[in-house]
Amino acid sequence: DSDQKFYALWGSPVHWIFFHKTHITLTRSSADELLDLSESKLREIFLSEFREFFPEFINKNLSTSK
């Protein structure tokens, strides 16, 4: 788990990751080009980026929600 409360991800389609006590929030600013993507494709992109920047979570079972 991260000691930081949030990170900015440069060069990623995910711009911000916020670590809360019970959950993690991934955020994209100005996401017009993502509007036409399916929910499953968005999940795939965001989880892939999250695991790329935070490899310590690769083998953890992560659940997602809206």
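All of these numbers come straight from a predicted model, not from anything done at the bench. (Residues numbered from 1 in each chain as written. Predicted model: local features only at pLDDT ≥ 70, side-chain atom pairs only at ≥ 80, totals over all residues. Heavy atoms only, no water.)

Focus on the sheet that holds strand S2 (residues 16-19)
And step 1. Spatial ordering of the open sheet is given by S1-S2-S3, a layout of three strands whose pairing is antiparallel. Two strands lie at the open edges of the sheet, namely strand S1 (6-8) and strand S3 (24-27), each paired on one side alone. Between one strand and the next, the sheet's axes are offset by a mean angle of 10°, whatever the strand orientation.
And step 2. Looking at chain direction, S2 and S3 are connected through four bridges and run antiparallel. (Pairing = 2+ DSSP bridges. Helix = DSSP H or I, 4+ residues; strand = E, 2+ residues; numbered from the N terminus. Axes fitted to C-alpha atoms, helices over the stretch in contact; angles between N-to-C directions.)

Some words on the nonpolar core
And step 1. Ranked by size, the top nonpolar core spans 10 residues in total: Leu-9, Val-14, Ile-17, Phe-19, Leu-34, Ile-45, Phe-46, Phe-50, Phe-54 and Phe-57.
And step 2. Looking at this core, the elements that each hand over two or more residues are S2 and helix H1 (39-53).
And step 3. Sort the elements by how many residues they give to this core and H1 lands first, with three residues. (Core = buried A, V, L, I, M, F, W, Y, C linked by side-chain atoms within 4.5 Å. Buried < 20%, exposed > 50% of the residue type's maximum accessible area, 1.4 Å probe, protein only.)

Some words on the packing of aromatic side chains
And step 1. Enumeration according to the criterion identifies eight aromatic pairs in this entry.
And step 2. Through pairs of rings, three or more aromatic residues link up here, namely Tyr-7, Phe-19, Phe-50 and Phe-54. (Phe/Tyr/Trp six-rings, centres within 6.5 Å; stacked < 30°, edge-to-face > 60°.)

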